[in-house]
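Structural characterization, general
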Amino acid sequence: MSVMNIDVAYIACLFSNHEDDFVWQRIDRDLDDEENTIYFLEDFWKIMSACVKSLR
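Below is a short write-up of the structure. In this text, all values refer to a predicted model and were calculated from it rather than measured experimentally.

**Thoughts on the environment of F15**
By the secondary structure assignment, F15 is in the loop between strand 1 (8-14) and strand 2 (22-28). Judged by relative accessible area, F15 falls into the exposed class, the value being 59%.

Here you go:
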């Protein structure tokens, strides 16, 4: 949602070829969760980048 700057997203899943096995979920944007996720992912990728560099 952050990348596209949208407030609502929908996730849909079809488990088989039968219409009763279809589910969908609306997800509302939560700016606090988004900020925390971006913060932790930035740290994660910095650590991963350092690990890859140390293997070379």
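**Description of the environment of W24**
Among the secondary structure elements, W24 is positioned in strand 2. Once the C-alpha coordinates of W24 and I38 are considered, the two residues, 14 residues apart in sequence, prove to be 25 Å apart. Every residue in contact with W24, bar those within four places of it in the chain, is listed here: Y10, I11 and A12.

**A few points about helix 1 (residues 31-55)**
The first and last C-alpha atoms of helix 1 sit 36 Å apart over 25 residues, in line with the 36 Å expected at 1.5 Å per residue. Where helix 1 begins, the capping side chain belongs to D30, and its oxygen is found 3.0 Å from the backbone nitrogen of D32.

Definitions and cut-offs
- Residues numbered from 1 in each chain as written.
- Predicted model: local features only at pLDDT ≥ 70, side-chain atom pairs only at ≥ 80, totals over all residues.
- Heavy atoms only, no water.
- Helix = DSSP H or I, 4+ residues; strand = E, 2+ residues; numbered from the N terminus.
- Buried < 20%, exposed > 50% of the residue type's maximum accessible area, 1.4 Å probe, protein only.
- Contact = heavy atoms within 4.5 Å.
- Expected span 1.5 Å × (residues − 1).
- Polar contact = N/O pair within 3.5 Å; in protein donor to acceptor, adjacent residues only side chain to side chain.

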